[in-house]
Amino acid sequence: MSAPADDSPASADDRPPRWPARLLILLARGWQIGPSAVMPPSCRYDPSCSAYAITALRRYGALKGGWLAARRIARCHPWGGFGPDPVP
């Protein structure tokens, strides 16, 4: 006899991101290997904003992940915070 099929839904981390999230991830990767690679390091947070954005987009998709990334980028200014800031 064959084993029963596993019909449990995959967790959000196991599913590949849909195309809008993939496009935003591609933009963040382009930033990482393009302008960010030639500019001096100046990240106030850990992980960097682009790494944070990629993680948020993979975890939550384009809408919520994009919102989290935009909020994080908006906090990155001279009077903003610093230090560890993981994706919720």
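Note that this is a predicted model, so its numbers are computed, not measured.

*Asks:* Teacher, can you tell me more about the overall build of the protein chain here?
*Replies:* The helix and strand inventory of the protein chain stands at 3 helices and 2 strands. In sequence order, the protein chain lays out its α and β elements as α-α-β-α-β. Considering only contacts within the protein chain whose residues lie at least 6 apart along the sequence, 68% involve residues at least 24 apart. For the protein chain, the accessible area works out to roughly 6700 Å², and carbon and sulfur atoms hold 65% of it.

*Asks:* What is the right way to look at the packing of aromatic side chains in this model?
*Replies:* The geometry of an aromatic ring pair is captured by two quantities: the separation of the ring centres and the angle between the planes. Per the stated rule, a full pass over the model turns up 0 aromatic pairs. In this arrangement the basic side chain of K64 is found over the ring face of Y60, its NZ or CZ atom lying 4.4 Å from the centre. A cation over an aromatic ring shows up here: R75 above the ring of Y45, its NZ or CZ 5.8 Å from the ring centre.

*Asks:* Would you mind showing me how to read the environment of F82 here?
*Replies:* Along the chain, F82 turns up in the loop between α3 (49–74) and β2 (83–84). Judged by relative accessible area, which is 69%, F82 ranks as exposed. Sequence separation of F82 and D46 is 36 residues, and the distance between their C-alpha atoms is 7.9 Å. With residues up to four places along the chain from it excluded, the contact list for F82 reads R44 and Y45.

*Asks:* What is the right way to read the layout of surface pockets from this model?
*Replies:* Over the atoms, a rolled probe matching the size of one water molecule traces out where space is still vacant. Considering only enclosed or pocket space, the largest pocket measures out at about 500 Å³ in volume. Forming the walls of the largest pocket are 21 residues, and the residues nearest its centre are W31, S36, C43, C49 and S50. Among the elements that take part in the lining of the largest pocket, α3 stands out by supplying 8 residues, more than any other. Taken together, the residues that form the lining of the largest pocket break down as 15 nonpolar, 6 polar and no charged.

*Asks:* Looking at this structure, I do not really get the side chain of R72. What am I missing?
*Replies:* Looking at the element boundaries, R72 is found in helix α3. Here D85 takes part through its backbone oxygen, which lies 3.3 Å from a polar atom of the side chain of R72. Ignoring sequence-local partners within four residues, the contact set of R72 consists of Y45, D46, P47, S48, C49, Y52 and D85.

Cut-offs and rules
Residues numbered from 1 in each chain as written. Predicted model: local features only at pLDDT ≥ 70, side-chain atom pairs only at ≥ 80, totals over all residues. Heavy atoms only, no water. Helix = DSSP H or I, 4+ residues; strand = E, 2+ residues; numbered from the N terminus. Contact = heavy atoms within 4.5 Å. Areas by Shrake-Rupley, 256 points an atom, 1.4 Å probe, with all protein chains shown as cover. Phe/Tyr/Trp six-rings, centres within 6.5 Å; stacked < 30°, edge-to-face > 60°. Lys NZ or Arg CZ within 6 Å of the ring centre and 35° of its normal. Buried < 20%, exposed > 50% of the residue type's maximum accessible area, 1.4 Å probe, protein only. 1 Å grid on protein atoms, 1.4 Å probe; cavity = no way out; pocket = protein on both sides within 12 Å on 5 of 7 lines; lining within 4 Å. Points joined across faces, edges and corners; volume = space filled by probe spheres on them. Nonpolar A, V, L, I, M, F, W, Y, C, P; charged D, E, K, R; others polar. Polar contact = N/O pair within 3.5 Å; in protein donor to acceptor, adjacent residues only side chain to side chain.

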